[in-house]
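# An overview of the molecular structure
Listed here are the chains, written in short residue letters.
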Amino acid sequence: MWALFMARSLEFIRDRAGFGWNILFPFLLVAAFGIAFGPDARKQFKVGVFPVADPVPAFESLWIPEALKTDPAVQLVFFENRDPALEKLRHHKIDILIQSGDVKDDGALRYWVSDASPNGAMMEKLVKVAMVPERFFEGRLHKQAVPGTPVRYIDWLFPGILGMNIMFSAFFGVGYVIVRYRRNGVLKRLKATPVTALEYLSAQLISRVVVSMTASLVVWAGCHVMFSFQMQGSYLDAAVVFLAGTVCLVSFGLILACRGTNEELTNGIINFICWPMMFLSEVWFSIEGAAGWIRQVAGFLPLTHFLSAARKVINDGATLGQVSQEVMILIIMSLVFLAIGSRLFSWTR
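When helices and strands are tallied, the protein shows 14 helices and 4 strands. Burial statistics for the protein: of 349 residues in total, 43% are counted as buried. At a minimum sequence separation of 6, the contacts of the protein that also span at least 24 residues come to 78%. When the accessible surface of the protein is split by element, carbon and sulfur atoms take 62% of a total near 19100 Å².

Pasting the structure below:
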């Protein structure tokens, strides 16, 4: 097992392109989202305004509701003529189009909105509310503060990106590689040695876990320097969660490698599993409010429990005892996956 562990680990480390990409890919993702969701990230709606001759007009010259000018979620896009603006509206590049000047002339505000645009329906309501005098709401609305420390989107997203990178590393670095070994006859030669299937798969698992955990640590340290992540819980508890999640995902990858000699088919199967898991396990966004059966399916996925425990520790400051249920599920899944993989494993086919 030690010889196999060292051989696989050195093979991966000496592959500079693969090793470098394993670290660079999640770092680039985090950096991209950090830039995308920076100071201007709150501008979620685009309002087209015409006719505006000046590319950067003075706000006082725009005869549109004052609330639209100052709303941090609204980005104003200016057009000289109506036709180009309507073309942008039809292609969902802006959410609503407003004709500046009508408010001053006759008190009416003319606007265009596409019935096929979800954001357009929301912006239409915002425009109507913006036309109501502020004194109408005076004394009736009371904003309340949200308790606790707010969680930045980049802090919520970061565990998801690390989990996604570990998942791809586990499936392609173990499942795909072992299928390639089988096709090239490497496993057939190992069959002539005293190594058992359980020992071989265990060595592969330990090697990939060490590599993935090391890569995640490097990515974490580098991203923390750039974005100053807010760690609410214990680093030790987070390490235990990441270890349990990595072992579980690598064990899952071993099942994909237990049989098969076709690399193209294996690649398709891995992608077929990875992409739905990314969306259902809330790597990018929450599925809160989705259909009940979707959330039930997500509950059977190891990445779901991995990210749930990681976010509770990192974002909410939960202790290891408070995420013990997720960790136990990951451990049980790991044992089941490893048992199935070693049972079904074939050296030659």
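Okay, helix α13 (residues 302–316) next. Residues three or four positions apart in an α-helix share a direction because the helix packs 3.6 residues into each turn. A rise of 1.5 Å per residue sets the reference length of α13, with its 15 residues, at 21 Å; its end C-alpha atoms lie 21 Å apart and thus fit the reference within 8%. Of all 15 residues in α13, 12 are buried; the element is thus mostly enclosed. Buried within α13 are the following residues: Pro-302, Leu-303, Thr-304, His-305, Phe-306, Leu-307, Ala-309, Ala-310, Arg-311, Val-313, Ile-314 and Asn-315. Backbone geometry just downstream of α13 places Gly-317 in the positive-phi region, at approximately 75°.

Our focus in this paragraph is the pairing of strand β1 (residues 45–50). Residues in a regular strand point their side chains to alternate faces of the sheet. Taken across its 6 residues, β1 has 5 buried, putting it largely inside the fold. Here β1 runs beside strand β3 (residues 96–99); their pairing, made up of 4 bridges, is parallel. By the bridge assignment for β3, Val-49 is matched with Ile-98.

Turning next to the nonpolar core. Core analysis: the biggest nonpolar cluster contains 69 residues, and Met-167, Phe-171, Ile-178, Tyr-200 and Phe-345 have the highest contact counts within it. At the level of secondary structure, the elements contributing two or more residues to this core comprise α1 (2–14), α7 (153–184), α8 (186–190), α9 (197–227), α10 (235–257), α11 (263–280), α13 and α14 (324–344). Considering each element in turn, this core owes the most residues, 16 residues, to α7. Setting aside chain neighbours within four positions, we find Phe-171 in contact with Tyr-176, Leu-249, Phe-252, Gly-253, Leu-256, Ile-270, Ile-273, Cys-274 and Met-277. One finds Val-52, Ala-73, Ile-96 and Ile-98 within the second-largest nonpolar core, a separate group that totals 15 residues.

A few words on the sheet that holds strand β2 (residues 74–78). Across a sheet, strands are paired by hydrogen bonds formed along the backbone, either parallel or antiparallel in direction. As summarised here, the arrangement of the 4 strands in space is β2-β1-β3-β4, forming an open sheet in which the pairing is mixed. One side of each edge strand has no neighbouring strand; the edge strands of this open sheet are β2 and β4 (111–112). In this sheet, β2 lies alongside β1 in parallel orientation, the contact comprising 5 bridges. Residue pairing for β2: Val-49 is matched across the bridge by Phe-78. The strands that helix α4 (residues 82–90) touches are β1, β3 and β4; relative to β3, the one it contacts most, it runs at about 160°.

Turning our eyes to something else, we now look at a nonpolar patch on the surface. On the surface, Met-328, Ile-331, Ile-332, Leu-335, Val-336, Ile-340 and Leu-344 cluster together into a nonpolar patch covering about 600 Å² of accessible area. Summarising the element assignment, Ile-331 is placed in helix α14. On the accessibility criterion, Ile-331 (36% relative accessible area) is partly exposed.

Turning to α4, a few remarks are in order. Those residues of α4 not exposed but buried are Ala-85, Leu-86 and Leu-89. Looking down the long axis of α4, one finds its buried residues gathered within 100° of arc, a one-sided arrangement. Exposed residues pointing more than 90 degrees away from the buried face of α4 are listed as Asp-83 and Arg-90. Looking at the packing, one finds that the buried side of α4 touches β3 and β4. One or two residues past the end of α4 sits His-92, with phi positive at roughly 60°.

Conventions and cut-offs
Residues numbered from 1 in each chain as written. Predicted model: local features only at pLDDT ≥ 70, side-chain atom pairs only at ≥ 80, totals over all residues. Heavy atoms only, no water. Helix = DSSP H or I, 4+ residues; strand = E, 2+ residues; numbered from the N terminus. Buried < 20%, exposed > 50% of the residue type's maximum accessible area, 1.4 Å probe, protein only. Contact = heavy atoms within 4.5 Å. Areas by Shrake-Rupley, 256 points an atom, 1.4 Å probe, with all protein chains shown as cover. Expected span 1.5 Å × (residues − 1). Pairing = 2+ DSSP bridges. Core = buried A, V, L, I, M, F, W, Y, C linked by side-chain atoms within 4.5 Å. Axes fitted to C-alpha atoms, helices over the stretch in contact; angles between N-to-C directions. Patch = residues over 30% accessible without salt bridge, like charges linked within 9 Å, V, L, I, M, F, W, Y side chains within 5 Å. Salt bridge = Lys/Arg side-chain N within 4 Å of Asp/Glu carboxyl O. Arc of directions from axis to C-beta.

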